[in-house]
Amino acid sequence: MMADGGNVSAGSKGAAVILRVPTRNRRGRRSNNKPRRLHAKAIKRILDRETGDLVGWLYEWNTGELVPRWKTEAWANVVYV
């Protein structure tokens, strides 16, 4: 489970990033004061610690959240470069 809104399924082919849909109040406004995820940029590469192979990228959202994006499946033994 990732911080606030992302989940990567380790058993699936490709990374599944699940974003939460914000709840709305009666007037149609967002009920929480958190900013929405609008855009992200890759800030680091994620490499397998043993082989050095590229296994994903670390993205930073406009909200400041850091979320990994895996090429195939989630890895545990990694290095961020």
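Heads up: the structure comes first, above all this text.
Residues numbered from 1 in each chain as written. Predicted model: local features only at pLDDT ≥ 70, side-chain atom pairs only at ≥ 80, totals over all residues. Heavy atoms only, no water.

**Quick notes on the side chain of Glu 65**
What counts is decided by this rule: The secondary structure listing takes helices from DSSP runs of H or I that are at least 4 residues long and strands from runs of E that are at least 2 residues long, numbered from the N terminus. Side-chain atoms alone can form a polar contact between residues adjacent in sequence; in general such a contact is a pair of N or O atoms within 3.5 Å, and within protein one must be able to donate a hydrogen while the other accepts it.
Assignment of secondary structure puts Glu 65 in the loop between strand 2 (54–61) and strand 3 (66–70). For Glu 65, the side chain forms a polar contact with the side chain of Thr 63, separated by 2.8 Å.

**Examining the sheet that holds strand 2**
Inclusion rule: Only when DSSP finds a minimum of two bridges between them are two strands counted as paired. Angles here are taken between N-to-C directions and fall from 0 to 180 degrees, while the axes themselves are lines fitted to C-alpha atoms, restricted in helices to the stretch in contact.
The sheet built from four strands is open, its strands ordered 3-2-1-4 with antiparallel pairing. Both outer strands of the open sheet, strand 3 and strand 4 (78–80), are each paired with one neighbouring strand and no more. Recorded for the sheet is a direction-independent mean angle of 35° between the axes of neighbouring strands. Pairing of strand 1 (residues 40–48) with strand 2 involves seven bridges; the strand directions are antiparallel. Residue pairing across strands places Leu 47 opposite Leu 54, the latter belonging to strand 2.

**Quick notes on the pairing of strand 1**
Counting the residues in the hairpin turn of strand 1 and strand 2 gives five residues, including Gly 52, whose phi is positive at 80°. The pairing of strand 1 with strand 4 spans three bridges and is antiparallel. Its bridge partner lying in strand 4, Ile 46 is registered against Tyr 80.

**Regarding the pattern of salt bridges**
Counted only if it meets this: Salt bridge, as used here: a side-chain nitrogen of Lys or Arg that lies within 4 Å of a carboxyl oxygen of Asp or Glu. Relative accessibility under 20% of the residue-type maximum defines a buried residue, over 50% an exposed one, and the middle range a partly exposed one, all with a 1.4 Å probe and only protein chains included.
Under the counting rule described, the total for this entry stands at one salt bridge. Of the charged contacts, one joins Arg 37 and Glu 65 as a salt bridge, the two residues approaching to 3.0 Å between their closest N and O atoms. Taken together, the residues span a long stretch of sequence, with Arg 37 in the segment before strand 1 and Glu 65 in the loop between strand 2 and strand 3 at a distance of 28 residues. Across this residue pair, the class does not change: Arg 37 and Glu 65 are buried.

Taken by themselves, the reported measurements are silent on function.
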